[in-house]
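In case you want the letters, here they are:
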Amino acid sequence: MKISIIGRPNVGKSTLFNRLAGGRLAIVGDMPGVTRDRKYANANLFGLNFEILDTPGVDPFSKNNSLAEGMNGQSFAAVKEADIVLFMVDAVDGITEYDKAIAEWLRSALKKIGNRPIILVKNKCEGKVFEDNFQSLGFGVGIAISAEHNLGIDELYEAICSFEIEKNEEKESEKNSGGDTSIKIAIVGRPNVGKSTMINAIISEDRLLTGDQAGITRDAIAVNYIFKGRKFSIIDTAGQRRKSKVNEKIEETAVLDAWRYIKQANVVVVVMDIKNPFEKQDVTIARKAFDEGKIVIFALNKSDIVENPEKVAKEIEERVSKEFAQLPGAKCLLVSAKEKKGLARIFNVALELIDKWSVRIATAQLNKWFAATIAKNPPPLVNGLPIKLKYISQTNIKPPTFVIFANRVEHLPKSYERYLLNQLRESFKLSGIPLRLFVRQRENPHI
């Protein structure tokens, strides 16, 4: 993602560029026109990575001035290659004729190159709220910041994230309309638990070599499968043994290959032997998949060889809830690859969880829930002072990821974060999938 900063000279574009780039990469000064070329840098804002472009000041009034026209050309090029444009104004000066002219220049540029999201950024807002009519420029009320004092950057982050999520969802939609639409399922587990046999049973074909000897599968093999009109790519992986027992170079490579496919998968099915579940390596595999943000389903294979498999499955589910407290509602499914039983349920559950994993909750709905949840159970006081949880924003999907902005975040107990996560799951029916929650310090108490 590329973000370009546009505005008249001396409104603080280079200061914001340096702030987002994490260093003094652009020269700043009180004299207008210090920056004459567009400058690039990698930026990171609360974990969001993008490329930031600093630009010369736009001078829409200059005529027959080759330097000014060249600088305007640099700014036009920056708008053309940007995914998001930050239109910066000076809150102390208020709206000026230059700002109005640049707004028209910007609209004219977008007619030529196509639409871009524009975020109005009101700089130099340290210490107070400035009364303004910047919305008359046609780009909304805007975000109030102080680039020099690092204030309001959290709200800028939220605005950028909202556009980035829309962009990602558009890309996903474009991909699904013409590209690879398959849901990728990685079948993982210890050696000899029946992974290859299970895939053969699913597709009703002896596609994969099977046998009693552990470690037959080395290369990860992808098999295409259609279930209820949806395309799946089922990936058989090498059995995951403890590192101390991986002693052949070929086997070590196969295990690393399996980890790579876990990262690429949407759903990870951890196959366990129902008579010998949850050895250490089963837990390691499942936690690795969870840490990668993947949907995790436990398949209890060989259920045909135990008495009262439902009772055994219930006992295993109780153990799952203890081993994976951070993943309440994890699915444990009884299957028998040998008898070809219970296999369809893996795909029914996968489709159900994929919908949850891809959910996007509207910001207004999310913050209405947030206010009610805090009112029901406020965070504890710190030295007699409240921890103020300002607002919440969803910043990503697959898995659903949320950011809360607050003050005194270092004092917010982990137990309260777990409370919020549990309430999110319960209120929006998100059980059985990983969720991410981050709490960020809101620096500016005035805006």
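Heads up: the structure comes first, above all this text.
Quick summary incoming for the structure in this document.

Thresholds, definitions, all that
Residues numbered from 1 in each chain as written. Predicted model: local features only at pLDDT ≥ 70, side-chain atom pairs only at ≥ 80, totals over all residues. Heavy atoms only, no water. Buried < 20%, exposed > 50% of the residue type's maximum accessible area, 1.4 Å probe, protein only. Helix = DSSP H or I, 4+ residues; strand = E, 2+ residues; numbered from the N terminus. Pairing = 2+ DSSP bridges. Right-handed = clockwise from strand over helix to strand, strands pointing away. Salt bridge = Lys/Arg side-chain N within 4 Å of Asp/Glu carboxyl O. Contact = heavy atoms within 4.5 Å. Axes fitted to C-alpha atoms, helices over the stretch in contact; angles between N-to-C directions. Parallel < 35°, antiparallel > 145°, perpendicular 65-115°, else oblique. Left-handed = near helix turned anticlockwise from the far one by under 90°. Nonpolar A, V, L, I, M, F, W, Y, C, P; charged D, E, K, R; others polar. Expected span 1.5 Å × (residues − 1). Phe/Tyr/Trp six-rings, centres within 6.5 Å; stacked < 30°, edge-to-face > 60°. Lys NZ or Arg CZ within 6 Å of the ring centre and 35° of its normal.

Let's shift gears to the pairing of strand S11 (residues 295-301). Counting buried positions along S11 yields seven of seven residues, so the element is predominantly enclosed. Of the two faces of S11, both are covered, the one formed by Ile295, Ile297, Ala299 and Asn301 as well as the one formed by Val296, Phe298 and Leu300. Sheet topology note: the strand S10 (residues 267-273)/S11 ladder contains seven bridges and is parallel. Each bridged residue has a counterpart across the sheet, and for Val271 the counterpart in S11 is Ala299. At this point the chain moves from S10, through helix H7 (residues 280-291), to the parallel S11, and the crossover so formed is right-handed.

In this section: the pattern of salt bridges. A side chain with one charge may pair with a side chain of the opposite charge, provided their charged atoms come close. In the structure shown here, the tally under the stated rule is ten salt bridges. In this structure, Arg8 and Asp93 form a salt bridge, with 3.2 Å as the shortest nitrogen-oxygen distance. Here the residue Arg8 occupies a position in the loop between strand S1 (2-7) and helix H1 (13-21), and Asp93 occupies one in the loop between strand S4 (84-90) and helix H3 (97-113), the gap between them amounting to 85 residues. The partner of Arg8 in a salt bridge is Asp99, and the shortest N-O contact between them spans 3.1 Å.

As summarised here, the arrangement of the six strands in space is S2-S3-S1-S4-S5-S6, forming an open sheet in which the pairing is mixed. Where the open sheet ends on each side, the last strands, each with one partner, are strand S2 (39-45) and strand S6 (143-144). Strand direction decides the pairing type here: S1 and strand S3 (residues 48-54), joined by three bridges, are parallel. Of the residues in S3, the one forming a bridge with Ser4 is Leu53. Its contacts with the sheet put H1 on S1, S2, S3 and S4, and the angle it makes with S2 is roughly 50°. Taken strand by strand, H3 contacts S1, S4 and strand S5 (118-123), and its axis lies near 170° from that of S4.

For the rest of this paragraph, the subject is the packing of helix H10 (residues 363-376) against helix H11 (residues 414-428). The geometry of H10 relative to H11 is characterised by a closest axis approach of 11 Å and an angle of 125° between their N-to-C directions. Between H10 and H11, the interaxial angle falls into the category oblique. Note that H10 runs across H11; the crossing there is right-handed. For the pair formed by H10 and H11, the contact residues are Gln365, Leu366, Trp369, Phe370, Thr373, Ile374 and Lys376 on the first element and Tyr416, Tyr419, Leu420, Gln423, Leu424, Ser427 and Phe428 on the second. Of the residues in the contact of H10 with H11, the class split is nine nonpolar, four polar and one charged.

Take H3 next. Compared with the 24 Å implied by 1.5 Å per residue over 17 residues, the 24 Å span of H3 between its first and last C-alpha is a close match. If you check which residues of H3 are buried, you get Asp99, Ala101, Ile102, Ala103, Trp105, Leu106, Ala109, Leu110 and Ile113. One or two residues past the end of H3 sits Gly114, with phi positive at roughly 105°.

That bond from Lys398 to Pro399 is cis: its omega, 5°, falls within 30 degrees of zero. Relative to the helices and strands, Pro399 is located in the loop between strand S13 (389-396) and strand S14 (401-406). Notably, Asn10 is not glycine yet its phi reads approximately 70°, a positive angle. The exposure class assigned to Asn10 is partly exposed, which follows from its relative accessible area of 33%. Of note in the backbone geometry, Lys340 takes a positive phi value of approximately 55° without being a glycine. Tracing the chain through its elements places Lys340 in the loop between strand S12 (331-334) and helix H9 (343-357). In this structure Lys340 comes out as exposed when scored by relative accessible area, which is 52%.

This part covers the packing of helix H5 (residues 195-203) against H9. Where H5 meets H9, the closest approach of the two axes is 9 Å, and the angle between their N-to-C directions is 85°. It follows from the interaxial angle that H5 and H9 lie roughly perpendicular. Contacts from Met198, Ala201 and Ile202 in H5 reach Leu343, Ile346 and Phe347 in H9.

Let us look at the packing of aromatic side chains. Applying the stated rule across the entire model yields nine aromatic pairs. With centroids separated by 5.2 Å and ring planes inclined at 50°, the aromatic side chains of Tyr416 and Tyr419 adopt a geometry described as tilted. Placement of the pair is Tyr416 and Tyr419 together in helix H11, with a separation of three residues, close to one helical turn. Residue classification places Tyr419 among the buried residues on the basis of a relative accessible area of 15%. Note that Arg436 overlies the ring of Phe290, its terminal NZ or CZ placed 5.3 Å from the centroid.

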